[in-house]
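For reference, the chains in residue letters:
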Amino acid sequence: MTDDLLDFKCINAEKYDDTDGFDLFPDCQAESMRDGAITIFHTNIRSFNKNFDELTVILNNYKIKFNIIVLTETWVDEANVVACLEGYDVFLNKKSRNQNDGVIVFVRKGLAVGCEEIHLHGATCLKIDMKLNGERHCVLAVYRRPSSAGDLDHFVQDLESYCLSKKTDRTNWIVGDINCCILPETTDPLSQHYQDVLCGTGFVSCISVPTRVTSTSKSCIDHIFTDYGDTDIVRSGVIMSELTDHYFIVAGIDPLSRVEVSNGIPQNFTIIDKAKVSSLISEHDWTSIKQFNNVNSASVTFIETLKKIHKHIQKRKNCFC
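Parameters at a glance
- Residues numbered from 1 in each chain as written.
- Predicted model: local features only at pLDDT ≥ 70, side-chain atom pairs only at ≥ 80, totals over all residues.
- Heavy atoms only, no water.
- Helix = DSSP H or I, 4+ residues; strand = E, 2+ residues; numbered from the N terminus.
- Contact = heavy atoms within 4.5 Å.
- Polar contact = N/O pair within 3.5 Å; in protein donor to acceptor, adjacent residues only side chain to side chain.
- Pairing = 2+ DSSP bridges.
- Axes fitted to C-alpha atoms, helices over the stretch in contact; angles between N-to-C directions.
- Buried < 20%, exposed > 50% of the residue type's maximum accessible area, 1.4 Å probe, protein only.
- Right-handed = clockwise from strand over helix to strand, strands pointing away.

**Examining the environment of S236**
Move 1: Mapped onto the elements of the fold, S236 is located in strand β14 (residues 234-240).
Move 2: Setting aside residues up to four positions removed in sequence, S236 forms contacts with I11, N12, A13, E14, Y16, L24, C206, I207, V250 and A251.
Move 3: Here C206 takes part through its backbone oxygen, which lies 2.6 Å from a polar atom of the side chain of S236.

**Regarding the sheet that holds strand β10 (residues 204-205)**
Move 1: Read from one edge of the open sheet, 6 strands run β6-β7-β8-β9-β13-β10, paired in mixed fashion. At either margin of the open sheet sits one strand with a lone partner, and together these are β6 (112-120) and β10.
Move 2: The sheet contact formed by β6 and strand β7 (residues 123-132) spans 9 bridges and is antiparallel. When the sheet's bridge partners are listed, A112 is paired in β7 with K131.
Move 3: Helix α4 (residues 149-164) rests against β6, β7, β8 (135-144) and β9 (171-177) of the sheet, and its axis sits at about 170° to β8.

**Section: the pairing of β9**
Strand residues, when the strand is regular, have side chains that alternate between the two faces of the sheet.
Move 1: Counting buried positions along β9 yields 7 of 7 residues, so the element is predominantly enclosed.
Move 2: Side chains T171, W173, V175 and D177 of β9 all project onto a buried face; the interleaved residues N172, I174 and G176 project onto the opposite face, where all are buried too.
Move 3: Where β8 and β9 come together, 7 bridges link them in parallel fashion. When the sheet's bridge partners are listed, L140 is paired in β9 with I174.
Move 4: In this region the chain leaves β8, passes through α4 and returns to the parallel neighbour β9; the handedness of that crossover is right-handed.
Move 5: Bridging between β9 and strand β13 (residues 222-226) involves 5 bridges; their strand directions are antiparallel. Along β13, the bridge assignment pairs V175 with I224.

Following this line, the structure appears as structure tokens:
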């Protein structure tokens, strides 16, 4: 796979030490702007009852207050009593597949939120629909237990059906522990198929560095994917916490890059017509790419064509704020 294709599918994630005062947007000090930007946190907590109190202390010491907090491998379900997180509404799966299963999602209070449990093969999933600062977001929180290649293949099939039916009037996110390594050097064909399905349905990976490291291995099995139109302003990172054997992962849309009402200053912003993108891709004649004998040459041409389509449908607008 060419570097251009990898760049097309991935957002560069930063690595952070787990220190007090962590902030995904250190240059933005305006609380109103920060609160209006989507921010997502995920960790595999490996027992909610064992580790939640310590996680709460860690989160309270961060400067950023996440809009959405996703916890996987919680070892609890709706039948269990779950501690509250001040300032958040809580949602969790109704039934667990086994004792190590479970997904919990905390959403900051005051937001219009809907929650639905989604079936994907071998996985526990919660779909959170929410509205933040006038914009719609849909977050699919997923825990997929370690299992056979056949199970992963069935999961990817179900995931593809989910992605093809997603609503285009909102930004979609897929967040969780998938137990499928997507490090760039991974050669597993099922991992490539998983990434191809997401890329083919408009998603870009926000995490491409190790999220679980042992003395003998490293893997990127905790994922955040988004179909947000302007990936240049999506910020993401891995926080190297020692709370469990998984690092924290985070992502959000940079509030300083968004249009903000202030002082009558004209600002430019970009509008991307997703429907037009889909139409142009469907109507394009891809015959020339099929004629390449070299897969790298075909990939380069394919990426350049997509970039031209993307550039063609962008509209620059001027907003006097």
